[in-house]
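Summary of the model geometry
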Amino acid sequence: MTNGEWNTSTGGGDDNECLDNLLHAYRAACPDPDPSVNFMPSLWAKIEAREASSTVFSRVAKALVTAALSASVLMALLAASSSQSGVSFDGSAYIQALAADHVSDLEPLQVERISDLEQ
Amino acid sequence: MLVEFELLQSAQRGDASAFNQVVTAYRRRILGTISRLIGRPEDVEDVAQEVFLRLYFSLDQLRTPEVFEPWLYRLTVNASYDYLRKSKRRPESRMSDLSEQQVLMADAAAGSKAQVEEGEKHRVRDMVQGLLASVSEEDRILLTLKEVEGLSLKELEKIYHVNENSLKVRLFRARQRVLKNMKGVTTERQDVASSGDGLQKV
């Protein structure tokens, strides 16, 4: 295929045929290039680099998962030990303690005066 | 297929020598396809290495030998897309570097037949790359695979995972766009040629 053939076609022939000829000429004008001598060593270097980075990532991920599991187990153990020691929240005890602490505040309720009014 | 399935299976099991043989068998073809897809000779090897890198890390997914080559082409197309998107540039259209008249004069000065032939090839490359650069990446890659690489519609079906009719429609539209641009270029060339100093070459 020469330039002349596809150029002649552009002169008014079938455009589709001209495009086909041009693309075939392009295929002939662009042969498969030869790889350089560094192609394979460079490829293997990239493969090893990718493997190394994925290994580091997986190690970091494993370390994070292990830390999260350890923290969960530790928290579960702490919760279990605190429930066994009998320390629990008792609402009534808290209110009694609060009332005892504020007895003086409760005194001026002046019950007598209310009873006086009732009388 | 350029290699036996047993060789691929050995490569799947991690045999580096087998993988080397697979790469050696296909690399020239892949380099050629990439060079015609991206139009940047200086980056062809990098993109080809990316293709084989992806092949290496996904080879264990291969189950049947008949899908290997379409799959390798798919990796090639995807790596080329990625390259084109990353670089945000299209193949250089060198048609604008020299006017038609300058090219003709350079040809006339070149003299020898080999140089003239090389000049013809250069001009064909520039013209096609210029035409393909004026359409979308999708159109360019599809047309190149079909019309330049010579893949059949069946092979393209496996690569693109779309049915034959859809491919025909896409190809037809892509051709129409290229033809439209070609007419524009032809008109420009004729205008330049007619305005020259009688230097006419067909």
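Residues numbered from 1 in each chain as written. Chains lettered and ligands numbered in written order. Predicted model: local features only at pLDDT ≥ 70, side-chain atom pairs only at ≥ 80, totals over all residues. Heavy atoms only, no water.

Along chain B, the regular secondary structure elements total nine helices and zero strands. When the helices and strands of chain B are listed from N to C terminus, the series reads α-α-α-α-α-α-α-α-α. For chain B, the proportion of its 202 residues judged to be buried stands at 47%. Once local pairs closer than 6 in sequence are excluded, the contacts in chain B between residues at least 24 apart make up 67%. Of the roughly 10,300 Å² of accessible surface on chain B, a fraction of 49% belongs to carbon and sulfur atoms. (Helix = DSSP H or I, 4+ residues; strand = E, 2+ residues; numbered from the N terminus. Buried < 20%, exposed > 50% of the residue type's maximum accessible area, 1.4 Å probe, protein only. Contact = heavy atoms within 4.5 Å. Areas by Shrake-Rupley, 256 points an atom, 1.4 Å probe, with all protein chains shown as cover.)

Time to look at helix α2 (residues 16-38) of chain B. All names here are of chain B. Where α2 bends most, at Tyr26, the angle is about 45°. Where α2 begins, one side-chain oxygen reaches toward the backbone nitrogen of Ser17, 3.0 Å away; that side chain belongs to Asp15. Immediately downstream of α2, the backbone of Gly39 shows phi near 65°, a positive value. (Bend = angle between axes of the 7 residues up to and from the residue. Polar contact = N/O pair within 3.5 Å; in protein donor to acceptor, adjacent residues only side chain to side chain.)

Residues and elements named next belong to chain A. Averaged over every residue, the pLDDT of chain A is 76; the share at 70 or more is 68%. Residue range residues 1-5 is modelled with pLDDT below 50. Its contacts to residues more than four positions away, or to other chains, number six contacts. Here residues 8-12 scores under 50 on pLDDT; set against residues more than four positions off or in separate chains, the count is six contacts. (pLDDT = per-residue confidence, 0-100.)

Between its first and last C-alpha atoms helix α4 (residues 68-87) of chain B spans 28 Å; for 20 residues at 1.5 Å apiece the expected length is 28 Å, and the two agree. Most of α4 of chain B sits inside the fold, with 14 of its 20 residues counted as buried. (Expected span 1.5 Å × (residues − 1).)

With the rule as written, the count across this model stands at 19 salt bridges over all chains. Of the charged contacts in the structure, one is a salt bridge between Glu50 of chain B and Arg54 of chain B, with a shortest N-O distance of 3.0 Å. Highlighted residues: Glu50 of chain B and Arg54 of chain B, both in helix α3 (residues 44-58), separated by four residues, approximately one helical turn. Here Glu50 of chain B falls in the partly exposed class, since its relative accessible area comes to 23%. Put simply, Arg27 and Asp32 of chain A together with Arg36 and Glu149 of chain B are held in one network by salt bridges that share partners. (Salt bridge = Lys/Arg side-chain N within 4 Å of Asp/Glu carboxyl O.)

Low pLDDT marks stretches whose predicted atomic positions should not be read closely. Residue and element names in this part refer to chain B. Looking at chain B as a whole, its pLDDT mean stands at 82, while 79% of the residues score no less than 70. Predicted confidence in chain B is weakest over helix α5 (residues 100-110), with a mean pLDDT of 56, and strongest over α3, with 94. Across residues 196-202, where pLDDT falls below 50, the model places 15 contacts with residues more than four positions away in sequence or in other chains. Model confidence for the complex: the whole-complex pTM is 0.66, and ipTM, which rates the interface, is 0.72.

Moving on to the environment of Asp139 of chain B. All names here are of chain B. Assignment of secondary structure puts Asp139 in helix α7 (residues 137-148). Judged by its relative accessible area of 10%, Asp139 falls in the buried class. Between the alpha carbons of Asp139 and Val178 there is a distance of 8.9 Å; along the sequence they are 39 residues apart. The contact partners of Asp139, leaving out residues within four places of it in the chain, are Ala174 and Arg177.

Attention now goes to the nonpolar core. Counting residues in hydrophobic clusters, the biggest one holds 69 residues, and the most contacted among them are Phe19, Phe52, Leu55, Phe68 and Tyr160 of chain B. Each of two domains, domain 1 (1-31) and domain 2 (35-83) of chain A, supplies a minimum of three residues to this core. Beyond its immediate chain neighbours, meaning those up to four positions away, Phe52 of chain B contacts Phe39 and Leu43 of chain A together with Phe19, Val23, Tyr26, Arg27, Ile30 and Leu72 of chain B. (Core = buried A, V, L, I, M, F, W, Y, C linked by side-chain atoms within 4.5 Å. Domains from an automatic or database assignment.)

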